[in-house]
Amino acid sequence: MTRSPLPRVAVCGISLEASTFSPALTTTSMLAPRRGRDVLDAWDFWRPGGSLTDRAAWVGVLQARSIAGGAIPAEDYALLRAEILAGLVAAVAEAPLDGVVLDLHGAASVVGLDDMEGDLAVAVRAVVGPDCLISSGMDLHGNVSRTLAETVDLLTTYRTAPHVDWAETKERAARNLVDRLALPSGRRRPAKAWVPVPILLPGEMTSTRQEPATSLYARVPVIEAMDGILDAGIWIGYPWADEPRNCAVVMVVGDDAELALAEATALAGDLWSRREEFGFVAPAGKLDVVLAAAIAAPVGPYFVSDSGDNPTAGGAGDVTWTLTEMLASQELAASGKRAIYASIPDAMGALAAAEAGVGADVRLVLGARVDDRPAPPVEVAGEVVAVVPTDDNLEVVVRTPAVDVILTRRRRPYHLEADFTRLGLDPRRADIVVVKIGYLEPELFAMATGWMLALTPGGVDQDLVRLGHHRIRRPMFPFDDVSGVDPVAEAVLLPGDTSQAVTDPARP
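Scope of this entry: the structure provided in the associated data block. Sequence positions are assigned chain by chain, starting from 1 and proceeding in written order. Thresholds applied to this predicted model are a pLDDT of at least 70 for local features of residues and 80 or more for the giving and counting of side-chain atom pairs; totals over whole chains, interfaces and linings are not thresholded and use all residues. Note: side-chain values were computed over all heavy atoms of the structure, leaving out hydrogens and water.

**Focus: the state of the cysteines**
Only a pair of cysteine sulfur atoms within 2.5 Å counts as a disulfide in this structure description. Evaluation of the coordinates by the stated rule reveals 0 disulfides. Unpaired in terms of disulfides, cysteine 132 finds its nearest cysteine sulfur in cysteine 12, a separation of 9.5 Å. In this structure cysteine 132 comes out as buried when scored by relative accessible area, which is 1%. Each residue gets one of three labels from its accessible area relative to the maximum for its type: buried under 20%, exposed over 50%, partly exposed in between, using a 1.4 Å probe on protein chains only.

Below is the structure:
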């Protein structure tokens, strides 16, 4: 068979952010695997006419992706991993692969396995061989273990939180790969400076909307633009998994090995020196304090983040603690103000309310089917004012005396104004909007007249000490006294095609 002049690149991966402190599990069906052409069609840059369509002969294998949740059962991961490897074996049998885009988040967890991304990368490498380049574009809330850093040739990550650059990052990972494949063999693989930094903080304290993250992340494109540097990144890490790899990491990738190491250690040192400056992206407090502030606000909408059960960070989504408190709040009832609560998933409740129909009065017992540790199921009594079925969900609004409760068949985030308006709710005219979220996504942030972060219980509790980590490496900020820690002591330069390792300490 005649070999195409274009490089041949496979696309595959498993992408998930998973809390090991949540009792929820993320199954194969929840990860909704795409296969073949569907893998490529999920991204504009690979579709017909896309910016990278004609840069390579792209081979879709399998891509599994879900909103954040609990760990993947071991058997589900084993089946997905086996299918990815079988697809790569078949692709290699047809013709050698020049590259792989390994689409990862960086914070997936598998029951009984500490480093899913590293495990998958090593398995992929074993199939495609040492000469095939592997590239990945990750979430900055992911983790880069030593294994992953060694195995993947090109790593890049988001530079904003909220992640307005997520699609740009995925495209950059693919573009970096085909750009390197255009170089002669023997000059393609860059050196990688990897610096683990003993910091573990929630995203709600490290948003690039505020200092020190704003200026730290602003340095990343400046480093990337230097001669001899290909890419740079700060992975701030994922705090809601109790695994040895969980911490911040700085990486710089390029052909100038000494410069890559110098810039990576300098940036890591600056991150460390400013660790005490990180704080919550909004005023934060216990729920009673936050609700009192929301009720007292002169104008709405006043947003409240029910942060401990945020489904986009790994919460089960059905913790009832906050909703229970709101429905029982005499202060809210006496204020005359109305709140929207988004949301509580309960399949049986949603189906029962939908069957009753719009206009019906219902009395439902909801939530805590998955995570009942903070509170038991809650009783919600009111009028059904909206029933909106979709292809993969069912959403219902139950109007109680003071709270419009959004009830869903499956958990889902509420990040956009349209998420509310299609249910007949106007968040701009609401007094209070309570959302299971951490930092507000851009549309909600723009419409909020006020905002507080409620420090509520759940699988992604912002009070990390309350969660009880036992397996992360210590000492770790903010858990321990770190006054004597050298933040760059474990910096490693992983050699590329033309560089040598400068340091090689024992594998952490």
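**Re the sheet that holds strand β17 (residues 394-399)**
Taking strand neighbours across the sheet as the criterion, the 9 strands line up as β12-β20-β13-β19-β14-β18-β17-β16-β15 in an open arrangement whose pairing is mixed. Either end of the sheet is taken by a strand with one partner, and the two such strands are β12 (284-285) and β15 (361-366). At least two DSSP bridges between two strands are required for those strands to pair. We count a stretch as a helix when DSSP gives it H or I for four or more residues in a row; a strand needs E for two or more, and each element gets its number in order from the N terminus. Here 4 bridges tie strand β14 (residues 339-345) to strand β19 (residues 432-435), and the two strands are oriented parallel to one another. From the neighbouring strand, alanine 342 faces β19, where its bridge partner is valine 435.

**A word on the packing of aromatic side chains**
The geometry of an aromatic ring pair is captured by two quantities: the separation of the ring centres and the angle between the planes. Centres within 6.5 Å make a pair out of two Phe, Tyr or Trp rings, where for Trp the six-membered ring is used; the pair is then stacked when the planes are under 30 degrees apart, edge-to-face when over 60, and tilted otherwise. Applying the stated criterion across every chain yields a total of 7 aromatic pairs. Centroid distance tyrosine 238 to tryptophan 240: 5.8 Å. Interplanar angle 80°. Geometry classified as edge-to-face. In terms of burial, tyrosine 238 and tryptophan 240 fall into one category: buried. Each ring, one from phenylalanine 445 and one from tryptophan 451, has its centre 6.0 Å from the other, and the planes form 90°; the classification is edge-to-face.

**Brief notes about the sheet that holds strand β9 (residues 191-197)**
Spatial ordering of the open sheet is given by β10-β11-β9-β21, a layout of 4 strands whose pairing is antiparallel. Two strands bound the open sheet, and with one partner strand each, they are β10 (229-235) and β21 (492-494). Recorded for the sheet is a direction-independent mean angle of 15° between the axes of neighbouring strands. Bridging between β9 and β21 involves 3 bridges; their strand directions are antiparallel. By the bridge assignment, tryptophan 194 is partnered in β21 with valine 492. Where helices are involved, their axes are fitted lines through C-alpha atoms of the stretch in contact, as for all axes, and angles between N-to-C directions lie from 0 to 180°.

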